[in-house]
Amino acid sequence: MRIILLGAPGSGKGTVAEALRSAYGFPKLSTGDLLREAVREKTPLGLVAASQMGKGALVDDATVLALLRERLAKGDCRGGYVLDGYPRTIAQADSLDALGLPGPEIVFDLRVSDTVVLERLANRRTCPRCEAIYHLVNKLPKSAGGCDVCGTALVQRNDDTPEVITERLKTYHAKTEPLVARYAAKGNLHRIDGDAAAGAVIREVRRILDAALGQEARAGK
Ligand code: ADP
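Residues numbered from 1 in each chain as written. Predicted model: local features only at pLDDT ≥ 70, side-chain atom pairs only at ≥ 80, totals over all residues. Heavy atoms only, no water.

Trainee: Explain the sheet that holds strand β3 (residues 81-84) to me, using residue names and the numbers behind them.
Mentor: Spatial ordering of the open sheet is given by β2-β3-β1-β4-β7, a layout of five strands whose pairing is parallel. Whereas interior strands pair on both sides, the edge strands pair on one side only; in this sheet they are β2 (28-30) and β7 (189-193). Sheet twist, expressed as the average angle between the axes of neighbouring strands with direction ignored, equals 25°. Pairing analysis gives six bridges linking strand β1 (residues 2-7) to strand β4 (residues 105-111), with the strands arranged parallel. Its bridge partner being in β4, Leu5 is matched across the sheet by Phe108. (Pairing = 2+ DSSP bridges. Helix = DSSP H or I, 4+ residues; strand = E, 2+ residues; numbered from the N terminus. Axes fitted to C-alpha atoms, helices over the stretch in contact; angles between N-to-C directions.)

Trainee: Mind laying out helix α2 (residues 31-40), listing which residues take part and the relevant values?
Mentor: Burial analysis of α2 places seven of its 10 residues in the buried class, the great majority of the element. Of the surrounding elements, those touching the buried residues of α2 are β2, α3 (44-55), α4 (61-72) and β3. Downstream of α2 by one or two residues, Lys42 has phi in the positive range, about 50°. (Buried < 20%, exposed > 50% of the residue type's maximum accessible area, 1.4 Å probe, protein only. Contact = heavy atoms within 4.5 Å.)

Trainee: Which residues make up the nonpolar core, and what values do they have?
Mentor: Within the largest apolar cluster, 24 residues are counted, with the highest numbers of intra-cluster contacts made by Ile4, Leu6, Leu29, Leu35, Leu83 and Tyr183. When residues of this core are traced back to their parent elements, those giving at least two are β1, α2, α3, α4, β3, α5 (90-98) and α8 (178-186). Considering each element in turn, this core owes the most residues, five residues, to α4. Counting residues in each nonpolar core, the second largest holds 17 residues, with Ala17, Ile192, Val201 and Ile208 among its members. (Core = buried A, V, L, I, M, F, W, Y, C linked by side-chain atoms within 4.5 Å.)

Trainee: Account for α4, with residues named and values stated.
Mentor: Its 12 residues place the ends of α4 16 Å apart at the C-alpha level, agreeing with the 16 Å of an ideal helix rising 1.5 Å per residue. Restricting attention to buried positions, one finds in α4 the residues Thr63, Val64, Leu65, Leu67, Leu68, Arg71 and Leu72. Where α4 is buried, its residues touch β2, α2, α3, β3 and α5. (Expected span 1.5 Å × (residues − 1).)

Trainee: Describe in detail the pattern of salt bridges, supporting the description with residues and values.
Mentor: Per the counting criterion, the structure on display carries 19 salt bridges. Close ionic contact of Lys28 with Asp33 constitutes a salt bridge, the shortest N to O distance being 3.4 Å. Here the two residues Lys28 and Asp33 agree in accessibility, since each one is buried. Here Asp33 ties to Arg36 by a salt bridge, and the two come within 2.9 Å at their closest N and O atoms. Highlighted residues: Asp33 and Arg36, both in helix α2, separated by three residues, approximately one helical turn. Classification of Arg36 as buried rests on a relative accessible area of 16%. Within this structure, Arg2, Asp94, Asp97, Glu105, Arg182 and Lys186 form a network of salt bridges that share partners. (Salt bridge = Lys/Arg side-chain N within 4 Å of Asp/Glu carboxyl O.)

Trainee: Explain the environment of Gly80 to me, using residue names and the numbers behind them.
Mentor: Within the fold, Gly80 resides in the loop between α4 and β3. When the C-alpha positions of Gly80 and Gly25 are compared, they lie 8.7 Å apart, and in sequence the two are 55 residues distant. Every residue in contact with Gly80, bar those within four places of it in the chain, is listed here: Met1, Phe26 and Pro27.

Trainee: Run through the site of the ligand, naming residues and quoting values.
Mentor: Near the ligand lie 20 residues; those nearest to it are Thr31, Ala57, Gly85, Gln92 and Arg168. Contacts to the ligand include Gly85, whose backbone N or O atom sits 2.8 Å from a nitrogen atom. At a separation of 2.8 Å, an oxygen atom of the ligand approaches a polar side-chain atom of Arg168. Relative to its free-state accessible area of 550 Å², the ligand is covered by the protein chains to the extent of 97%. The greatest single-element share of the shell around the ligand, amounting to four residues, is contributed by α2. (Near = heavy atom within 4 Å. Polar contact = N/O pair within 3.5 Å; in protein donor to acceptor, adjacent residues only side chain to side chain. Areas by Shrake-Rupley, 256 points an atom, 1.4 Å probe, with all protein chains shown as cover.)

Trainee: Any chance you could break down a nonpolar patch on the surface for me, citing the residues and the numbers?
Mentor: Where nonpolar side chains cluster on the molecular surface, the patch consists of Leu136, Val137 and Leu140 and spans about 290 Å² of accessible area. Position of Leu140 relative to the elements: it lies in the loop between β6 (133-135) and α7 (162-176). (Patch = residues over 30% accessible without salt bridge, like charges linked within 9 Å, V, L, I, M, F, W, Y side chains within 5 Å.)

Below, the structure written as structure tokens:
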């Protein structure tokens, strides 16, 4: 099963992807995480990506597709995976279709208001090592300032500043939001109230996913 998460920055894609990984074992393929890793490692792709990301713009399609294809080739994707942050443009959705990947596809659109996004991202802290996500009010780490998973000191992402968030939201509305209509027309889109608390969002996604996985299993018999 290919699970695609659509939604604005701060809509909870990373949180949902992590919950699905832990509940079903589907790996989380986050193009944002892959890009930040390339930036940290100063690979040629990372050097190109860093300036775009710092401005809240999208990284070019060819660069992102190259990273994604490399990740998809790993064995852990065979049983299904969650795409967090890809596709983000109509052209990327075309590229994804052109890969001709096997298996059914399900799409969740996490719908959030811009005011909720601004509040969440201003309070977001992340682990620069394992990309775990925290919130200064709703999801504090157990020990002050350190990641629960790996102990690394948490940071505020350099694109989580008010100016860059505003640009990312503009980019989202112009380039990514049109994908919602595309998947709605395809018939595999589920709209989720992303303004709700994380637990409620995860429960709703799992309820729909369980039904789809059950259908798939019955069809396979
Ligand atoms: P968010 O969804 O909160 O903006 P991400 O971690 O998914 O955060 O992405 C951070 C940045 O990485 C984006 O602003 C963009 O510059 C880049 N990026 C991530 N995914 C893509 C993609 N599919 N295509 C182009 N750029 C991307």
